Amino acid sequence: MAKTVARYLFLLIFVSVAAAGLYGLQQIHVAVYQPLVLPEATRTLLVAQGDTLTSVVHDLAEEGVIRNPEWLLMFAKLHKQTSIRAGEYELEHGLTGETLLQRLASGRVVQYMVTFVEGSTLAENMAILAAEKKLINDIDSMSEAEYRETFGFLPSEAEGWFFPDTYSYVSGMKMSDVLKQAHYRMRTILDEEWQKRDKDLPYRNPHEALVMASIVEKETGVASERKQIAGVFVRRLRKGMKLQTDPTVIYGLGKQFQGDLKRSHLKEYSPWNTYVIDGLPPTPIALPGRAAINAALHPAP
């Protein structure tokens with residue numbers, strides 16, 4: 001009798017354990033391998049600094065996106081997939097809990113693009129950055145000392161020192177992060193081109209070459225003309241002539257310029273009015289591209 005009871009008890013325990021195991025496997029299958037519940041085709045998930053996998057999973061569970069959150073977290077712990085990276089992630093239909101864990105761990109965040117156009121001014125590009133809602137504007141609150149520490153020059157000296165190109169960023173990045181990318185690229189390209197420059201050019205340093213490149217960029221209507229335009233201005237410098245180029249006057253006028261350059265403007269003093277000053281203006285007047293920099297350092301004879 002006692003043996004019979006023991007057998008039944010053992011069988012009952014075995015069945016209970018097996019049933020619990022099957023239930024657990026079913027719950028894990030739902031949590032890990034079935035698609036998330038997304039009401040729209042895609043959905044953006046923002047993971048902030050300091051967020052944990054547990055907090056992210058529970059937030060998504062409250063929204064009804066994840067079913068069986070505790071089972072998904074258990075699966076993550078068993079497979080050592082609990083680390084996540086901050087950023088903005090795109091969730092699309094068909095995404096499973098397992099794929100979500102992999103994506104959060106990899107840091108494959110949504111990338112945004114912003115473009116600085118050749119010949120545009122720093123002010124124009126700052127307006128573009130300010131319009132990017134995913135970027136944090138830390139530039140407006142910077143003191144001159146902080147600006148110099150970040151970029152190596154004052155805001156009044158910054159024109160032209162950011163290379164015109166397309167840059168990627170992620171949500172939560174700072175404007176200064178994008179600008180540092182552009183400045184590093186400009187420094188790199190200007191140094192490369194300066195090392196290969198023609199001999200006997202009338203520039204004392206790379207900065208003056210950058211100023212000339214910006215003028216060439218603004219004067220160029222057709223790409224093939226860059227070196228010819230550079231040649232004209234280089235010969236004027238060598239002869240001690242004034243450069244006499246309208247784009248520098250327009251830059252010096254700033255907001256006063258309303259689209260109509262008048263004869264009186266050419267006579268007004270400005271550090272950038274090359275009809276009045278001798279030699280190059282104190283700063284570039286725009287963001288020159290590589291071709292303009294190359295032209296300034298290899299002008300047509």
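The structure we're discussing is the one just above.
Keep in mind that what you see is a predicted model, and the values were worked out from it rather than measured.

Conventions used here
- Residues numbered from 1 in each chain as written.
- Predicted model: local features only at pLDDT ≥ 70, side-chain atom pairs only at ≥ 80, totals over all residues.
- Heavy atoms only, no water.
- Helix = DSSP H or I, 4+ residues; strand = E, 2+ residues; numbered from the N terminus.
- Buried < 20%, exposed > 50% of the residue type's maximum accessible area, 1.4 Å probe, protein only.
- Areas by Shrake-Rupley, 256 points an atom, 1.4 Å probe, with all protein chains shown as cover.
- Phe/Tyr/Trp six-rings, centres within 6.5 Å; stacked < 30°, edge-to-face > 60°.
- Lys NZ or Arg CZ within 6 Å of the ring centre and 35° of its normal.
- Contact = heavy atoms within 4.5 Å.
- Core = buried A, V, L, I, M, F, W, Y, C linked by side-chain atoms within 4.5 Å.
- Salt bridge = Lys/Arg side-chain N within 4 Å of Asp/Glu carboxyl O.
- Axes fitted to C-alpha atoms, helices over the stretch in contact; angles between N-to-C directions.
- Left-handed = near helix turned anticlockwise from the far one by under 90°.

Q: Go over the overall build of the chain with me, naming the residues and quoting the values.
A: Looking only at helices and strands, the chain has 11 helices and four strands in total. Expressed as a percentage of its 301 residues, the buried residues of the chain come to 41%. In the structure as shown, the chain presents an accessible area of about 16,900 Å², 54% of it carried by carbon and sulfur atoms.

Q: Tell me about the packing of aromatic side chains, and please be specific about residues and values.
A: As enumerated under the stated definition, the model contains nine aromatic pairs in all. Seen from their ring centres, Y147 and F151 are 4.8 Å apart, and the 50 degrees between their planes marks the pair as tilted. Highlighted residues: Y147 and F151, both in helix 6 (residues 144–151), separated by four residues, approximately one helical turn. Given the relative accessible area of 6%, Y147 is considered buried. With a centroid separation of 6.3 Å and an interplanar angle of 55 degrees, the aromatic rings of Y147 and F153 are classed as tilted. For the pair Y147 and F153, a shared accessibility class is recorded, and that class is buried. When the ring centre of W161 is taken as origin, the NZ or CZ atom of R187, which lies over that ring, is 4.4 Å away.

Q: Mind laying out helix 11 (residues 290–297), listing which residues take part and the relevant values?
A: Turn by turn, an α-helix covers 3.6 residues, leaving residues three or four places apart pointing in a common direction. For helix 11, every residue scored as buried is listed here: A292, I293, A295, A296 and L297. Each element contacted by the buried residues of helix 11 is listed here: helix 7 (175–195), helix 8 (206–219) and helix 9 (226–239).

Q: Got a sec to walk through the side chain of S171? Specific residues and values, please.
A: You can see S171 is positioned in the loop between strand 4 (166–169) and helix 7. If we skip the residues at most four places from it in the chain, S171 touches L46, E88, Y112 and K134.

Q: Now, about the nonpolar core: what can you tell me, with residues and values included?
A: Counting 72 residues, the largest nonpolar core has F116, L129, Y147, F162, Y203 and M212 as its most contacted members. Ranked by residues supplied to this core, first place goes to helix 7 with eight residues.

Q: Any chance you could break down unusual backbone geometry for me, citing the residues and the numbers?
A: The phi angle at N68 is positive, at roughly 55 degrees, despite the residue not being glycine. Checked against the element boundaries, N68 lands in the loop between helix 2 (53–62) and helix 3 (69–78). In this structure N68 comes out as partly exposed when scored by relative accessible area, which is 22%. One non-glycine residue, K80, lies in positive phi territory at about 55 degrees. Judged by relative accessible area, which is 77%, K80 ranks as exposed.

Q: I'd like a description of the pattern of salt bridges, backed by residues and values.
A: Under the counting rule described, the total for this entry stands at 10 salt bridges. Between E208 and R204 there is a salt bridge, with the nearest N and O atoms lying 2.5 Å from each other. Its relative accessible area of 11% is what places E208 among the buried residues. Given the relative accessible area of 72%, R204 is considered exposed.

Q: Break down the packing of helix 8 against helix 11 for me, with residues and values.
A: For the pair helix 8 and helix 11, the least separation of the axes is 8 Å and the interaxial angle reads 115 degrees. You can see that helix 8 and helix 11 cross each other, and the crossing is right-handed. In this structure, helix 8 contributes A209, L210, M212, A213, V216 and E217 to the contact, and helix 11 contributes A292, I293, A295, A296 and L297.

Q: Which residues make up the environment of V232, and what values do they have?
A: Within the element layout of this structure, V232 appears in helix 9. Since its relative accessible area comes to 33%, V232 is described here as partly exposed. For the pair formed by V232 and P301, sequence separation is 69 residues and the distance between their alpha carbons is 8.7 Å.

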